[in-house]
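# Coordinates in review
Below are the chains, spelled out letter by letter.
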Amino acid sequence: MHTRFLLRTLTRNLSILIFAFSLTVFHAVNAQTTWTKDAANPVLRRDTVVANLPNDLIAISDCWVLKENAVYKMWYTCGGINYPADTALRARICYATSADGVMWSKYAGNPVMDVSYTGSWDSLGIETASVIIDSAAPPSERYKMWYAGHYFNSYRYDIGYAYSADGITWIKHTSPVLSVGNSTEWDNGFLEGPSVIKDGNVYKMWYCGYDAIGDNSGTDGKANIGYATSTDGINWIKDASNPIFTTGTGWDSVYVQDPHVIKSGNVYRMWYGGNSVGSYGQEIGYATSTDGINWTRLPAQVLNVGATGSWDANTASFPSVLYDNGNWMMWYTGKDIDPPPPGSLNYYWELGFAISPVTAITESEVEHAALVYPNPASQQIVIANPWPLTRVEVTISNALGQIVEQIQVADATTEVNVSAYPPGIYQITINGPMVSTARFVVAAQP
């Protein structure tokens, strides 16, 4: 899991949809599948001169990039020491700016947001910032940040909130705004990696949750992605169908985490970190949704680790993405080895850049969503095949991840009798040209 260098001991309802077969969204196909890493990588490096007592001596990671006017603005996790207040290495939020997204200047007054030294909930470390510029907010609160804070034990993180007039001087909310679930829930271990957008008057957050308690729940030892909404950015309601994006069956079968979500038109796009080995080695995947809850993922990674010996040979993950001037632009965390050499600074945990140009507006991608109705249901459901006349395998699993039924489908729609299913939440996975998923609820018999 993404341990953020040294602060953790652990590595870190379906909405009722109008019946349709698919949604076509015009944009460049290669904007999600073909990324070119910059030759200058890493584009933001640590200061490894110990005498400087740098805030980023150990690591630079988990960036969030916005562009305002002609300036790219980045908030990132910096791991180091703040002398003389610190007696131990800590994670903080630092800031940098750039005119082109490649050449960055660190803010001289870093960190821009520090841990709380008063013993409060985020006094051991803060990281994984998500920042928006809220034009409807008062000037003093125009920049809003959500971040993971650490205090209670060796791996628990909750999510906090802060606001700023300029993106540099931040005022923290006094307590976490989103906390871990209870011992039986999927996010009982820690929360981190929030991604927040403001959609109309609603704040929407996607975040990583980890299940640290083994109780045969199906999410034990895994990181998944949840969803929450808020009308003020402080009081959040977790979605009843959480986790809304779970580990897959291939390269992302153990962790899916640290999402970055953008809404363009009526489509939500998510880039996320994932892996199948239960430690480092994360790469980046891509998924789309029409409601932010039900997602269709590409079956393979869209950004891979580098070749053996390169600076990102072990990890290339935790993306921040934006669209600008005809290009999709991505900044990501890279790491070359795991674990780093004891007592050595001769390793990477720094930030890279990749780009995916949009080369033709006539290119298109058909993004499919698995559709099921009615929802909830007590007798039968109808599953719409996103790929009509193509034979696909449909797997229905319960909340524990146990397979309840598997069927082969080639027709446009298929009816499934669920009257014998125990009440609860179920997931449909359709293995076709792409993997498509959806959730539905079986209600108690009337």
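Everything quoted here is computed from the prediction, not taken from an experiment.

### Notes on the pattern of salt bridges
Scanning the entire structure with this criterion turns up 16 salt bridges. The residue Glu 350 makes a salt bridge to Arg 46 at a minimum N-O spacing of 3.4 Å. In this pair, Glu 350 sits in strand 21 (residues 349–357) while Arg 46 sits in the loop between strand 2 (36–37) and strand 3 (59–68), placing the two residues 304 residues apart along the sequence. Its relative accessible area of 4% is what places Glu 350 among the buried residues.

### Remarks on the sheet that holds strand 27 (residues 413–417)
With antiparallel pairing, the three strands of this open sheet are ordered in space as 23-24-27. On the outer flanks of this sheet lie strand 23 (371–373) and strand 27, each paired with one strand and no other. When the angles between neighbouring strand axes are averaged without regard to direction, this sheet yields 25°. Relative to strand 24 (residues 380–384), strand 23 is paired through three bridges, and the arrangement is antiparallel. Residue pairing across strands places Tyr 373 opposite Val 382, the latter belonging to strand 24.

### Topic: the state of the cysteines
Scanning the model with the defined rule gives one disulfide in all. Two residues share a disulfide in this structure: Cys 78 and Cys 94, whose sulfurs sit 2.1 Å from each other. Between Cys 78 and Cys 94, the S-S torsion sits near 75°, and that sign places the bridge as right-handed. Placement of the pair is Cys 78 in strand 4 (residues 71–80) and Cys 94 in strand 5 (residues 90–98), with a sequence separation of 16 residues.

About the cut-offs
Residues numbered from 1 in each chain as written. Predicted model: local features only at pLDDT ≥ 70, side-chain atom pairs only at ≥ 80, totals over all residues. Heavy atoms only, no water. Salt bridge = Lys/Arg side-chain N within 4 Å of Asp/Glu carboxyl O. Helix = DSSP H or I, 4+ residues; strand = E, 2+ residues; numbered from the N terminus. Buried < 20%, exposed > 50% of the residue type's maximum accessible area, 1.4 Å probe, protein only. Pairing = 2+ DSSP bridges. Axes fitted to C-alpha atoms, helices over the stretch in contact; angles between N-to-C directions. Disulfide = S-S within 2.5 Å.

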